[in-house]
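Analysis of the macromolecular model
Letter by letter, the chains look like this.
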Amino acid sequence: MILSDRRPAAPADRPAGVAAGNAGRSGWLLVLVAALVATCVLSIAVGTKNIGLGTVWDAFAHVADSDDHAIVRELRVPRTVLGLLAGAALGVSGAVIQAVTRNPLADTQILGMNAGAALFVVFAIGVLGLTSIWSYVWFAFAGVAFATVLVYTLGSIGRGEATPLRLTLAGVALGAVMEGVSAAIRLLKPRAFDYLRFWDVGMLGGRPLPIAEAVAPFILAGLVLAFAAARSLNAVALGDDLARSLGAGVTRTRVLSVVSVALLTGAATAAVGPIGFIGLMVPHAVRRIVGPDQRWIFAYTVICAPILLLGADVAGRVLIRPAELQAGIVTAFLGAPVLIWLIRRRVVTSP
Amino acid sequence: MSGVDFGHRVVIVRRSRASVRFGARTALVCAVLGLAAAAVAVLGLGTGEFEVPPGEVIQALAGQGPGATRLVVVEWRLPRVLLALLIGAALGLSGAVFQSLLRNPLGSPDVIGFNTGAYTGVLVTMVLVGRGYYETAAGALIGGLAAALVVYLLAYKQGVQGFRLIIVGIAISAVLASVNQWFVIRVDLRLAVAAAIWGQGSLNTVKWEHVPPVAAAVVLLAGCLLALGPRLSLLAMGEEAAAALGVRTERARLLYLVVGVALTAVATAAAGPVSFVALAAPQLARLLTRTAGIALAPSAAMGALLLTASDWFGQRAFAPTQLPVGVVTVSLGGLYFAWLLTRPMRKAGS
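Residues numbered from 1 in each chain as written. Chains lettered and ligands numbered in written order. Predicted model: local features only at pLDDT ≥ 70, side-chain atom pairs only at ≥ 80, totals over all residues.

Chain B goes by Iron-enterobactin ABC transporter permease in an unreviewed UniProt entry, where it is assigned to Nonomuraea diastatica. What UniProt records for chain B under Subcellular location (unreviewed entry) is the sentence "Cell membrane". (UniProt positions renumbered as here; feature names shortened; annotations may be inferred.)

Overview of the overall build of chain A
The helix and strand inventory of chain A stands at 13 helices and 0 strands. Order of helices (α) and strands (β) in chain A, N terminus to C terminus: α-α-α-α-α-α-α-α-α-α-α-α-α. Within chain A, buried positions represent 53% of all 351 residues. (Helix = DSSP H or I, 4+ residues; strand = E, 2+ residues; numbered from the N terminus. Buried ≥ 20, exposed ≤ 12 C-beta atoms within 10 Å, placed from the backbone.)

Brief notes about the overall build of chain B
Across its full length, chain B carries 14 helices and 2 strands. In chain B, buried positions account for 53% of the 350 residues. Taking contacts inside chain B between residues at least 6 apart in sequence as the whole, the part at least 24 apart equals 72%. (Contact = placed C-beta atoms within 7 Å.)

A closer look at helix α11 (residues 249–271) of chain B
The first and last C-alpha atoms of α11(B) sit 32 Å apart over 23 residues, in line with the 33 Å expected at 1.5 Å per residue. Residue G272(B) follows α11(B) closely and has a positive phi angle near 85°. (Expected span 1.5 Å × (residues − 1).)

Looking at the environment of T265(A)
All names here are of chain A. Within the secondary structure layout, T265 lies in helix α10 (residues 250–272). Since 36 C-beta atoms lie within 10 Å of it, T265 is described here as buried. Excluding residues within four positions of it along the chain, T265 makes contact with S93, T108, M113, A117 and V144.

Section: the packing of helix α11 (residues 278–290) of chain A against helix α13 (residues 327–345) of chain A
When two helices pack together, their arrangement is given by the angle between their axes and by how far apart the axes lie. All names here are of chain A. With their axes 9 Å apart at the nearest point, α11 and α13 run at an angle of 55° to one another. In terms of orientation, α11 and α13 fall into the oblique class. Where α11 crosses over α13, the handedness of that crossing is left-handed. Residues I278, L280, M281 and H284 of α11 form the contact with α13, whose participating residues are T331, L334, G335, V338, L339 and L342. A class-by-class count of the residues in the contact of α11 with α13 yields 7 nonpolar, 3 polar and no charged. (Axes fitted to C-alpha atoms, helices over the stretch in contact; angles between N-to-C directions. Parallel < 35°, antiparallel > 145°, perpendicular 65-115°, else oblique. Left-handed = near helix turned anticlockwise from the far one by under 90°. Nonpolar A, V, L, I, M, F, W, Y, C, P; charged D, E, K, R; others polar.)

Quick look at helix α13 (residues 296–316) of chain B
With 21 residues, α13(B) extends 30 Å between its outermost C-alpha atoms, agreeing within 8% with the 30 Å of an ideal straight helix rising 1.5 Å per residue. Of all 21 residues in α13(B), 19 are buried; the element is thus mostly enclosed.

Re the environment of L242(A)
Looking at the element boundaries, L242(A) is found in helix α9 (residues 240–245). For L242(A), a count of 12 C-beta atoms within 10 Å translates into the label exposed.

Brief notes about the packing of helix α8 (residues 211–228) of chain B against α11(B)
Residues and elements named next belong to chain B. Relative orientation of the contacting elements α8 and α11 amounts to 165°, with a least axis distance of 10 Å. Judged by the inter-axis angle, α8 sits roughly antiparallel to α11. Note that α8 runs across α11; the crossing there is left-handed. Counted together, V214, A217, V218, L221, C224, L225 and L228 of α8 and L255, Y256, V259, A262, L263, V266 and A270 of α11 form the full contact between these two elements. When the residues that make up the contact of α8 with α11 are grouped by side-chain class, the tally is 14 nonpolar, no polar and no charged.

Observations regarding unusual backbone geometry
Residues and elements named next belong to chain A. Even without being glycine, F277 reaches a positive phi, approximately 80°. Residue placement: F277 occurs in the loop between α10 and α11. With 30 C-beta atoms packed within 10 Å, F277 lands in the buried category.

As structure tokens, then:
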């Protein structure tokens, strides 16, 4: 291993970001929106069967009874819509968690929320025998909310506040416990096992459009809450005491944030399964562009996270054609190196 | 075992060539835990479809009593109980090693990606080679060791530091978990279920022939730990303190990592990844012994007790359905965690 000699800048003299000034930030945002549109087009056109852009256009403008049109309208469009929604939800929930815990390593997977959603969905399918997304989407919410509250409570009980390290450890530990329990339920109920192994992997394909419609209201509500909390999260970033003296309602902000995270992660996880690392990677990358203002971070994340998720999905379709790598697998392979890079970069490793 | 333990009664036995020094309380705790483990073992040998009272179990172990009882107790049930004791002790030891090295009560072999890697190895083996006991064990060993090596190398940067090792372990585990997931959706359901049962850690399939290799490996590795002497408790005091006291820290840490990983590897190869015993045993033992650092012998005894009791519970709780022992330890682990995290925690040295 080569020893890296790079020393990170102290937080105080970290540059505000590549795009300084609101004009620059708005300009970059437009560029990213264009990139998002391009990714959506790719996601509709590319796959096991590539479809020309002209045909894609026809599928919307002049609907005909052809296979290509059916593929576009029945398979690719739901997949892309789901990718947009789930990507935005996962990305922003990651940004909110990182802000509210003041922990750059926070992620829905690391903090055990995916495991919580999975546990409750396993319970719904395995023990209660539910199979329609309309019923188990509620269990995914409940699971995320349950895990969030539990991890946060366990991480903050005792002396002192919820330090990032304790939250991370509480999340990893409780995540492991919940995974263990859901594994036990699965082993006792083979039918649930068979159904859930496809949910577990985290993928966009094979979900009809009504699923996206079902989770969209929750994701939109979660996004609104996140943006509502963004200003106070800027203050919370300075520490609880300073935030209070600046007039921010720290508890209110925390509650708003946790509700928003539960809505976003719960809805996204219910729809596409547990997909990790989107919420870790995107806010980090975005922070390098726009600096530390949460409002801009959230805005950029809403655009960038779907680019990443849809990009991962498209890459998964192309890489081992004609088979597919599920989006959750691609994001794990992309995200783990980012996490390792983040942790290696620090000289002082205790956060 | 002592970091700084003024005020503890210490017994020193000196002979011409060697001397042994141990805390009186630690020795007592080891003895009590050992007896408790033995008692649970006898209980486990006696219960099941064919009930045998404890007195007859001991007779059967001594080679007396009716042949049918001996067959059930010695031939059928004893290997399972022996392996539970051995694997529990191995996990307790490896947990003690990892928690001392990482200086973190949540340090365990799981954090270095060993278990997820072992699962990957088993899935690959099941798909490519076969589903026999030894094939599975070999796959687990190779997968687990490879994962641990990758995590160690990626966490290495002018030495390995605890928190970095944990986070790199999480990252690599996530990648491997997604690989496992991919296998699980591509193979047929029966293979996937078989792999998942293995992945929970289970003693349901062990036989007599599996006992000697595990016993030999555990004894050998425990011997290595003894030979390494007091360096572990010095390392647990911190990098600088250990170096100042004459420990070549990076080398000692590597040696301990190798032994700790090997102990986990033996346990995983024999029974699959049994979680939480390695995590809980050292801390519980430390509570009882009240030593400053984590002690090896009580951790091993506690691990043996925990695993034997969990296996007995898993067998009997929902009989005739036999829960894999890992499911029981995970549930115990949940309670343990809630308790561990709600305690006012001293700042862990991370």
